[in-house]
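# Remarks on the overall topology
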2 protein chains.
Amino acid sequence: MASNLSHSAQDYLEAIFLLADREGLARVKEVAEHLDVKKPSVVSAIKVLMRKGLVVHQHYGCLELTSEGEELAKEIHRRHQVLYRFLHDILGVKAEVAEADACRIEHHISPQTLELLVKFVDFTESFPERDKTPKWLDYFQRFAATGEAPPCLQDSSRGCGCK
Amino acid sequence: MASNLSHSAQDYLEAIFLLADREGLARVKEVAEHLDVKKPSVVSAIKVLMRKGLVVHQHYGCLELTSEGEELAKEIHRRHQVLYRFLHDILGVKAEVAEADACRIEHHISPQTLELLVKFVDFTESFPERDKTPKWLDYFQRFAATGEAPPCLQDSSRGCGCK
DNA sequence: GGAAAAAGTTAGGCATGCGTAACTTGGCGG
DNA sequence: CCGCCAAGTTACGCATGCCTAACTTTTTCC
């Protein structure tokens, strides 16, 4: 799976993937709107993706991913999702901001960071208690919101093992 | 503090700041080496920074930040540091990789994410126990390394408050 | 003090990625 | 069936940011 794609090419690929997934097929105009660019920019980006065998597209027709393109798009989207979950679900960044940040950051994380982030999100979210939130995360979110220290730090210099 | 700086301009500013901080002054050649670009690239980047009043530099002389440039550089560097601490100290990304990722990501995080990340790192690192590591983080790091679940999840369906 | 080396600069080229303006094409309504 | 309009396309142009090659200036050191 050769990934010699520029950041912008990755964005186009991901957009086509999301649109096709959601509505069955993707069109130039929709991609342009989704990425907030003009149509000629989409066309020239598509040429690159076609040359790499990631997209099929006949003149004046609609856009489809090849299976290789779809694999790659899924991988790209996976990064996006992990980042979003970390930013939104753990850090508590507002949804729209987390979404925008994930878009921009996704192109810049190394495989190692990605995998550790996946583990971190899994570790946090697979916590099995009733309330679905680990205590330390509760404490963090309270701390972030109010500056209030976790309860176990308030009463003595001794830790309580909760953090 | 007008921050209409391109990503690359921010990199140059940060590099000058670090070099000047470390060695008293910065020179074109050093900046070039630090950023792994050629000298003419540095020269043209510096022109931009001079036009914005962030750097002083006389022909064939050495580089200095104005006070405004220094303010900005500190702010940029702060982002970098927070990211590095998160990636390295918490996620456990290898030092060189964390450094490289921080470099690239620093340009793409929103102020909101930055502040929450600061809080997250503070929350984690200001933990006062003897061993300097919160238990949950110990558990995460073990989980990341071995896939092993935290002890409190191994013996029953009941949580233990440690996570 | 002057030549050689090192540092800095300029000129000019290339790739990426976006834009506008002007065009072609495809499909729909009258 | 034909004109019209929206969608798609092409042909530019511009900004950024890097490069190499060739130059000028400064520094070094014999």
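Residues numbered from 1 in each chain as written. Chains lettered and ligands numbered in written order. Predicted model: local features only at pLDDT ≥ 70, side-chain atom pairs only at ≥ 80, totals over all residues. Heavy atoms only, no water.

### Thoughts on the overall build of chain A
When its secondary structure is counted, chain A shows 8 helices and 2 strands. Reading chain A from its N end, one meets helices and strands in the order α-α-α-β-β-α-α-α-α-α. Burial statistics for chain A: of 163 residues in total, 45% are counted as buried. Taking the intrachain contacts of chain A between residues at least 6 apart in sequence as the baseline, contacts between residues at least 24 apart amount to 51%. Surface summary for chain A: the accessible area is close to 8,600 Å², and the carbon and sulfur share equals 51%. (Helix = DSSP H or I, 4+ residues; strand = E, 2+ residues; numbered from the N terminus. Buried < 20%, exposed > 50% of the residue type's maximum accessible area, 1.4 Å probe, protein only. Contact = heavy atoms within 4.5 Å. Areas by Shrake-Rupley, 256 points an atom, 1.4 Å probe, with all protein chains shown as cover.)

### Regarding the protein's contact with DNA strand D
Around DNA strand D lies a shell of 18 residues, among which A:Lys29, A:His57, B:Ser6, B:Lys38 and B:Ser41 are the nearest. Counting only the atoms of DNA strand D within 4 Å of the protein, the fraction contributed by sugar and phosphate is 75%. With respect to DNA strand D, the backbone of A:Tyr60 contributes an N or O atom lying 3.2 Å from a phosphate oxygen. At the level of secondary structure, the elements contributing two or more residues to the surface near DNA strand D comprise helix 2 (28-35) and helix 3 (39-51) of chain A together with helix 1 (7-23) and helix 3 (39-51) of chain B. It is helix 3 of chain A that contributes the most residues to the surface near DNA strand D, 4 residues altogether. (Near = heavy atom within 4 Å. Polar contact = N/O pair within 3.5 Å; in protein donor to acceptor, adjacent residues only side chain to side chain.)

### Section: the nonpolar core
A:Phe86, A:Leu91, A:Phe120, B:Phe86, B:Leu91 and B:Phe120 are the most contacted members of the largest nonpolar core, which has 50 residues in total. At the level of elements, helix 4 (67-91), helix 5 (95-105), helix 6 (111-125) and helix 7 (135-146) of chain A together with helix 4 (67-91), helix 5 (95-105), helix 6 (111-125) and helix 7 (135-146) of chain B are the ones that each hand at least two residues to this core. (Core = buried A, V, L, I, M, F, W, Y, C linked by side-chain atoms within 4.5 Å.)

### Some points on the side chain of A:His80
All names here are of chain A. The residue His 80 is located in helix 4 in this model. Overall, His 80 belongs to the buried group, its relative accessible area being 3%. Dropping the residues within four chain positions of it, His 80 is found in contact with Glu 14, Glu 99, Ala 102, Cys 103 and Glu 106.

### Considering the protein's contact with DNA strand C
Around DNA strand C there are 18 residues in total, and A:Ser6, A:Lys38, A:Ser41, B:Lys29 and B:His57 lie nearest to it. Elements represented by at least two residues in the surface near DNA strand C include exactly helix 1 (7-23) and helix 3 of chain A together with helix 2 (28-35) and helix 3 of chain B. If you tally residues by element for the surface near DNA strand C, the top one is helix 3 of chain B, at 4 residues. A class-by-class count of the residues in the surface near DNA strand C yields 8 nonpolar, 5 polar and 5 charged. (Nonpolar A, V, L, I, M, F, W, Y, C, P; charged D, E, K, R; others polar.)

### Considerations on the packing of aromatic side chains
Following the criterion strictly, the structure yields 15 aromatic pairs over all chains and no others. Ring centres of A:Phe120 and B:Trp136 lie 6.3 Å apart, and the angle between their planes is 55°; this geometry places the pair in the tilted category. Of the two residues, A:Phe120 is situated in helix 6 and B:Trp136 in helix 7; the pairing between them involves two chains. Across the pair, exposure class does not vary: A:Phe120 and B:Trp136 are buried alike. Accessibility expressed as a relative area gives 1% for B:Trp136, which makes it buried. (Phe/Tyr/Trp six-rings, centres within 6.5 Å; stacked < 30°, edge-to-face > 60°.)

### Regarding the pattern of salt bridges
Side chains that differ in charge, positive against negative, can pair when their charged atoms come close. Under the defined criterion, the tally for this structure stands at 15 salt bridges over all chains. Notably, a salt bridge pairs B:Arg78 with B:Glu75, separated by 3.2 Å at the nearest N-O pair. Of this pair, B:Arg78 and B:Glu75 both sit in helix 4, 3 residues apart, which is roughly one turn of that helix. Relative accessible area serves as the criterion here: at 31%, B:Arg78 is assigned to the partly exposed category. Through salt bridges with shared partners, a single network forms among A:Glu75, A:Arg78 and A:Glu115. (Salt bridge = Lys/Arg side-chain N within 4 Å of Asp/Glu carboxyl O.)

### Some words on the environment of A:His107
Residues and elements named next belong to chain A. Its location among the elements puts His 107 in the loop between helix 5 and helix 6. The exposure class of His 107 is buried, given its relative accessible area of 12%. In sequence terms His 107 and Gln 10 are 97 residues apart; their C-alpha atoms lie 8.1 Å from each other. Not counting residues within four places of it along the chain, the set of residues in contact with His 107 comprises His 7, Gln 10, Asp 11 and Arg 79.

### Some details on the packing of helix 2 of chain A against helix 3 of chain A
All names here are of chain A. Two elements in contact, helix 2 and helix 3, have axes separated by 9 Å at closest approach and are oriented at 110°. It follows that helix 2 is roughly perpendicular to helix 3 by the angle criterion. On the side of helix 2, the interface is formed by Val 28, Lys 29, Val 31 and Ala 32, while helix 3 contributes Lys 39, Val 42, Val 43 and Ile 46. (Axes fitted to C-alpha atoms, helices over the stretch in contact; angles between N-to-C directions. Parallel < 35°, antiparallel > 145°, perpendicular 65-115°, else oblique.)

### Description of the confidence of the model for chain A
Of the residues in chain A, 87% reach a pLDDT of 70 or more, and the chain-wide mean stands at 88. Put simply, helix 8 (residues 151-154) of chain A is where chain A has its lowest mean pLDDT, 59, and helix 3 of chain A is where it has its highest, 97. (pLDDT = per-residue confidence, 0-100.)

### So, helix 4 of chain A
When the terminal C-alpha atoms of helix 4 of chain A are compared, their 35 Å separation across 25 residues agrees well with the 36 Å that a helix rising 1.5 Å per residue should span. Two residues or fewer past helix 4 of chain A, A:Gly92 is found with a positive phi of approximately 90°. (Expected span 1.5 Å × (residues − 1).)

### A look at helix 1 of chain B
All names here are of chain B. In this model helix 1 runs 24 Å from its N-terminal to its C-terminal C-alpha over 17 residues, within 8% of the 24 Å that 1.5 Å per residue would give. Within helix 1, burial applies to Ala 9, Gln 10, Tyr 12, Leu 13, Glu 14, Ala 15, Ile 16, Phe 17, Leu 18 and Leu 19. Among the structural elements, helix 2, helix 3, strand 1 (55-57), strand 2 (63-65) and helix 4 are those in contact with the buried residues of helix 1. Immediately downstream of helix 1, the backbone of Gly 24 shows phi near 90°, a positive value.

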